[in-house]
Amino acid sequence: MFYVAEDHEEGSQEPRVNRPPLAPRMRVAFSEDGRLAESPQFEYRPQQQRMAELVADALDKSRALVCEAATGVGKSLAYLVPAVTFALEQKRKAIICTHTINLQEQLISKDIPIVKKIVGDFKAEILKGRGNYLCPTRLHRAMNDSGDLFSPTEASELGLLTDWAATTEDGTLSDLDFTPSARVWSLVCSEPHACTPRRCPPGSRCWYQDARRRMEQADVVVLNHTLFFTLLASADEVTAADCNFLFPRDFVILDEAHTIENVAAKAFGLHISESNLKFELGRLHNPKTRKGFFQHAGDKDGIREVLQTLDSVNTFFRAVEASCKFNALGREFRVREPGLVEDTLSLPLERLAKRAQKAGDAAHKEHVKLELLDLAKRLVAIRMGLKAFLDQENEDHVHWVERTGPERQSISFHTAPVDVAPRLRQIFFSSGKACVFTSATLGIGNDGNLDYFRHRVGAEQARAACIESPFDFQRQMRLYLLKKMPQPADAGYLDKLGDWICHFLDLSKGRAFVLFTSYSQMTSLADRLEAHCAENGWRLLVQGKGMPRHQMLAEFKNDTHSVLCGTDSFWTGVDVPGESLSNVIITRLPFAVPDHPLTASRIEHLEAQGLNAFTEYSVPEAILKLRQGIGRLIRTASDEGICAILDNRILTKPYGRAFLASLPECPTEVLE
């Protein structure tokens, strides 16, 4: 159905295929009697059909599309079928980007097999960052040199990795049943200097090089946003002259695109941490274990240089810490002027880099030479990054210092572009490239043109479309609002909040997400909610109580009367269809506190243009997050449930109307 007559260009062995436009064919494919309808699981949805047409048109015309497709549209198939068809017919590569691992797994295990039944067989691969892959060549060399490089505990880890390497098919960290130490993994994982097609040829069982060869042959490549933008920001990874994005003649579809601005800002920024610098020095010489490449090379002067540099690192970062007045949470300090502290670290780093370079040049073993020369390059890059940060060389970036770690004892430097739109506009929207940005939440209520999102990512000239959900929210969902509620600063706020949460938990007999904007408020209420849930025989799961996020979700899904309390990461990217989740309780409208330097700098940037940052940025961002949170409730046509918003500002403040306009139309009850 997807292919028509072929002929050949004169003198060419490649077929030239004369095909009608893709959009009309997608309309037929997704119709009530089209190719997809042959499947007994197919349910005709005009919304899905419309999206498939829009995606096909964008691909055919090499243009950009920004498409909000509400939950229930079936957007994965709506973009996969035209994308795969286009890739196969035009001999191009489709890049599919997602923000969450869950969606990647859904695409590979569920959606792509369906597409293969429709369009025929094709090659699809997941692309992971090369640091996830074990390199057998590096592992073998590490084992041979383990006496000088690794402590007894680390050497035992090498043995476990060797045993695992003999059986693993995947060769990545996700396939490991234990977590190796960062130092051990850094010396056995794939790295550009040591894991190359020449050093790890076909037949060497190098999982990264095998994956790279599969990527070159793949029709569809699935990866996450962070890796996509990291590769875009790394010119070394993109070598082909005819690359649109990452591969020759590729095109890209970015799902969960509401996260793009923040992911891109991080990828295009600078990040240097005290802990990572000490980690790199420890690869040359670890004072505790007395292991490292200088030990292996017998370079006593190099060892002495490392020890002196470690002293300089401690002195420098303690001076940084003393110069910063961290925010109320004790995490970030924005640096507004160059010269935060005297640069006492660049010279020691330069000396040590030269020492590593010299040791590398003198090394007899090629792999030791490569490791030392790579470490020298890393130290040079860190030195240059420190200088760029202290001198504030990137004037359009915001600069800040963070304290991280369990006791906030590690200092790190960060920069990010205040406005990523110019960079994204150049990458995606200025040169006639086929790309699709899609998500269930891109608009902010009566924003049919998606102007807010398009402006934030530089997509002002892209075609925009909003496709509504096929779900019957009038039947499936009921919304509760509160007319009266104390403010968080009031003495009785937490008690009242707890009362209302318990009230709505009773209505749904548990089976609820309670979404907080404040971790401290959540923990303050945990004991009371625990007692209430225990009285009713419901299990309470609280984020931060020792259970990983994915395990919390699994436990919540399995126990159909449990209650889950979560903060930021549970507002988005969580899919719990069925009766396990029948209630979403929003404790506060999710306004971002403008104490993070990047948020504050964006607000200042808008104010400098004479704009009202609250209405132009704070409110739209909060609306998008609220839509994400409420979107956890109805995931299928058979789901039913309630949503309660325990923040009366949605009724009492003028901006509340914008929040209400963004929500699904459903029966609404206002409680006194």
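In this text the structure is predicted, and so the values were computed from the model without any measurement.

**Student:** Requested: an account of the overall build of the protein chain, with residues and values cited.
**Tutor:** Assigned secondary structure in the protein chain consists of 26 helices and 20 strands. A compact globule built from 672 residues should have a C-alpha radius of gyration of about 26 Å, and the protein chain, at 27 Å, falls within 12% of that. Taking the principal axes of its C-alpha atoms as reference, the protein chain extends roughly 80 × 75 × 55 Å. Residue burial in the protein chain is summarised as follows: out of 672 residues, 54% are buried. The contacts of the protein chain with a sequence gap of at least 6 include a subset with a gap of at least 24, amounting to 75%. As displayed, the protein chain has an accessible area near 30100 Å², and 49% of this comes from carbon and sulfur atoms. Positive and negative charge centroids in the protein chain, built from 81 and 89 side chains respectively, lie 2 Å apart.

**Student:** Help me get a handle on the sheet that holds strand β20 (residues 668–671), residues and values and all.
**Tutor:** Here we have seven strands laid out as an open sheet, ordered β16-β17-β15-β18-β19-β14-β20, and parallel in their pairing. Only two strands of the sheet have a single partner each, and these edge strands are β16 (540–542) and β20. Neighbour-to-neighbour, the strand axes of this sheet turn through a mean angle of 15°, independent of strand direction. In terms of strand pairing, β16 meets strand β17 (residues 563–566) through three bridges, oriented parallel. Across the sheet, Leu540 pairs through a bridge with Val563, a residue of β17. Against the sheet, helix α20 (residues 493–508) contacts β14 (477–482), β15 (512–515), β17, β18 (583–586), β19 (641–645) and β20, and its axis sits at roughly 170° relative to β18. Across the sheet, helix α21 (residues 519–536) is in contact with β16 and β17; its angle to β16 comes to roughly 170°.

**Student:** Can you tell me about the sheet that holds strand β3 (residues 64–69), naming the residues and giving the values?
**Tutor:** The seven strands lie next to each other as β5-β6-β4-β7-β12-β3-β13, forming an open sheet whose pairing is parallel. Two strands bound the open sheet, and with one partner strand each, they are β5 (124–126) and β13 (463–467). Each strand of the sheet is rotated relative to its neighbour by a mean of 20°, with strand direction disregarded. As defined by bridge partners, β5 adjoins strand β6 (residues 220–224) across three bridges and the pair is classed as parallel. Paired with Glu125 across the two strands is Val221, which belongs to β6.

**Student:** Describe in detail the pattern of salt bridges, supporting the description with residues and values.
**Tutor:** For the coordinates displayed, the defined rule picks out 48 salt bridges. For Asp57, the salt bridge identified is with Lys61, shortest N-O distance 3.0 Å. A relative accessible area of 14% places Asp57 in the buried class. Across the salt bridge formed by Asp575 and Arg635, the nearest N and O atoms sit 2.8 Å from each other.

**Student:** Give a detailed account of helix α16 (residues 366–391), specifying residues and quantitative values.
**Tutor:** The end-to-end C-alpha separation of α16 is 37 Å, in line with the 38 Å expected for 26 residues at 1.5 Å each. In the stretch just after α16, Gln392 is the one whose phi turns positive, near 50°.

**Student:** Could you give an account of the packing of helix α12 (residues 274–284) against helix α14 (residues 300–323), with specific residues and numbers?
**Tutor:** At a minimum axis distance of 10 Å, the contact between α12 and α14 shows a crossing angle of 175°. Taken together, the axes of α12 and α14 lie roughly antiparallel to each other. Seen from α12, the contacting residues are Glu274, Leu277, Lys278, Leu281 and Leu284; seen from α14, they are Val306, Thr309, Leu310, Val313, Asn314, Phe317 and Arg318. When its residues are assigned to classes, the contact of α12 with α14 shows seven nonpolar, two polar and three charged.

**Student:** Kindly report on the pairing of strand β4 (residues 93–98), identifying the contributing residues and their values.
**Tutor:** Within β4, six of the six residues are buried, leaving the element largely enclosed by the surrounding structure. Alternating positions in β4 separate into two faces, Lys93, Ile95 and Cys97 on one and Ala94, Ile96 and Thr98 on the other, with burial throughout. Pairing geometry for β4 and strand β7 (residues 250–254), over five bridges, is parallel. In the strand pairing of β7, Lys93 is matched with Asp250. In terms of strand pairing, β4 meets β6 through five bridges, oriented parallel. By the bridge assignment for β6, Cys97 is matched with Leu223.

**Student:** So what about unusual backbone geometry? Which residues, and what values?
**Tutor:** Not every positive phi belongs to a glycine, and Leu450 is a case in point at roughly 55°. In this fold, Leu450 is placed in the loop between β12 (435–439) and α18 (451–457). Exposure remark for Leu450: the relative accessible area of 0% places this residue in the buried category. Located in the positive-phi region is Lys509, a residue other than glycine, with phi close to 55°. Relative to the elements of secondary structure, Lys509 occurs in the loop between α20 and β15.

**Student:** I'd love a proper account of helix α10 (residues 225–233), names of residues and values included.
**Tutor:** Listed as buried for α10 are His225, Leu227, Phe228, Phe229, Leu231 and Leu232. Residues of α10 that are buried make contact with β4, β6, β7, α11 (260–267) and α17 (421–429). A side-chain oxygen of the first residue of α10 lies 3.1 Å from the backbone nitrogen of Thr226; this N-cap is Asn224.

**Student:** Talk me through the nonpolar core; I want residue IDs and the actual numbers.
**Tutor:** Where a protein is soluble and globular, its nonpolar side chains tend to be buried together. Counting residues in hydrophobic clusters, the biggest one holds 61 residues, and the most contacted among them are Val401 and Phe413. When residues of this core are assigned to their parent elements, the largest contribution, nine residues, is made by α16. Those residues in contact with Val401 that lie beyond four places of it in its chain are Val320, Cys324, Phe326, Arg331, Glu332, Phe333, Val335, Leu340, Phe389, Ile411, Ser412 and Phe413. Ranked by size, the runner-up nonpolar core spans 44 residues in total, among them Ala23, Leu59, Ala78 and Val220.

**Student:** Would you mind going over a nonpolar patch on the surface in detail, with residue names and values included?
**Tutor:** On the surface, a cluster of nonpolar side chains totalling about 200 Å² of accessible area is made up of Leu651, Leu660 and Val670. Here Leu660 lies in helix α26 (residues 656–661). A relative accessible area of 31% means that Leu660 is categorised as partly exposed.

**Student:** How would you explain empty space enclosed by the protein if you had to name every residue and give the values?
**Tutor:** According to the stated counting rule, one finds one cavity of 30 Å³ or more in the structure shown. In this structure, the largest cavity is lined by Arg138, Arg141, Ala142, Asp145, Leu149, Phe150, Leu187, Ala194, Phe293, His367 and Glu371. For the lining of the largest cavity, the elements supplying multiple residues, two or more each, are α5 (136–144) and α16. Examining the composition of the lining of the largest cavity, we find that three residues originate from one element, α5, more than from any other.

**Student:** Can you explain the packing of aromatic side chains? Please cite residues and give values.
**Tutor:** Per the counting criterion, the structure on display carries 26 aromatic pairs. Taken together, a centroid distance of 6.2 Å and an interplanar angle of 70° make the contact between Phe471 and Phe473 edge-to-face. Taken individually, Phe471 and Phe473 each receive the classification buried, so the pair is uniform in this respect. Ring plane angle 25° and centroid distance 5.8 Å describe the contact between Trp500 and Phe504, whose orientation is recorded as stacked.

**Student:** Give a detailed account of the confidence of the model for the protein chain, specifying residues and quantitative values.
**Tutor:** Confidence in the prediction for the protein chain averages 90 pLDDT; 96% of positions are at 70 or higher. Segment residues 1–16 is flagged for pLDDT under 50; beyond a separation of four residues in sequence, or across chains, it makes 37 contacts in the model.

The rules we used
- Residues numbered from 1 in each chain as written.
- Predicted model: local features only at pLDDT ≥ 70, side-chain atom pairs only at ≥ 80, totals over all residues.
- Heavy atoms only, no water.
- Helix = DSSP H or I, 4+ residues; strand = E, 2+ residues; numbered from the N terminus.
- Rg over C-alpha atoms; globule rule 2.2 N^0.38 Å.
- Buried < 20%, exposed > 50% of the residue type's maximum accessible area, 1.4 Å probe, protein only.
- Contact = heavy atoms within 4.5 Å.
- Areas by Shrake-Rupley, 256 points an atom, 1.4 Å probe, with all protein chains shown as cover.
- Lys, Arg positive; Asp, Glu negative; His and termini not counted.
- Charge placed at Lys NZ, Arg CZ, Asp CG, Glu CD.
- Pairing = 2+ DSSP bridges.
- Axes fitted to C-alpha atoms, helices over the stretch in contact; angles between N-to-C directions.
- Salt bridge = Lys/Arg side-chain N within 4 Å of Asp/Glu carboxyl O.
- Expected span 1.5 Å × (residues − 1).
- Parallel < 35°, antiparallel > 145°, perpendicular 65-115°, else oblique.
- Nonpolar A, V, L, I, M, F, W, Y, C, P; charged D, E, K, R; others polar.
- Polar contact = N/O pair within 3.5 Å; in protein donor to acceptor, adjacent residues only side chain to side chain.
- Core = buried A, V, L, I, M, F, W, Y, C linked by side-chain atoms within 4.5 Å.
- Patch = residues over 30% accessible without salt bridge, like charges linked within 9 Å, V, L, I, M, F, W, Y side chains within 5 Å.
- 1 Å grid on protein atoms, 1.4 Å probe; cavity = no way out; pocket = protein on both sides within 12 Å on 5 of 7 lines; lining within 4 Å.
- Points joined across faces, edges and corners; volume = space filled by probe spheres on them.
- Phe/Tyr/Trp six-rings, centres within 6.5 Å; stacked < 30°, edge-to-face > 60°.
- pLDDT = per-residue confidence, 0-100.

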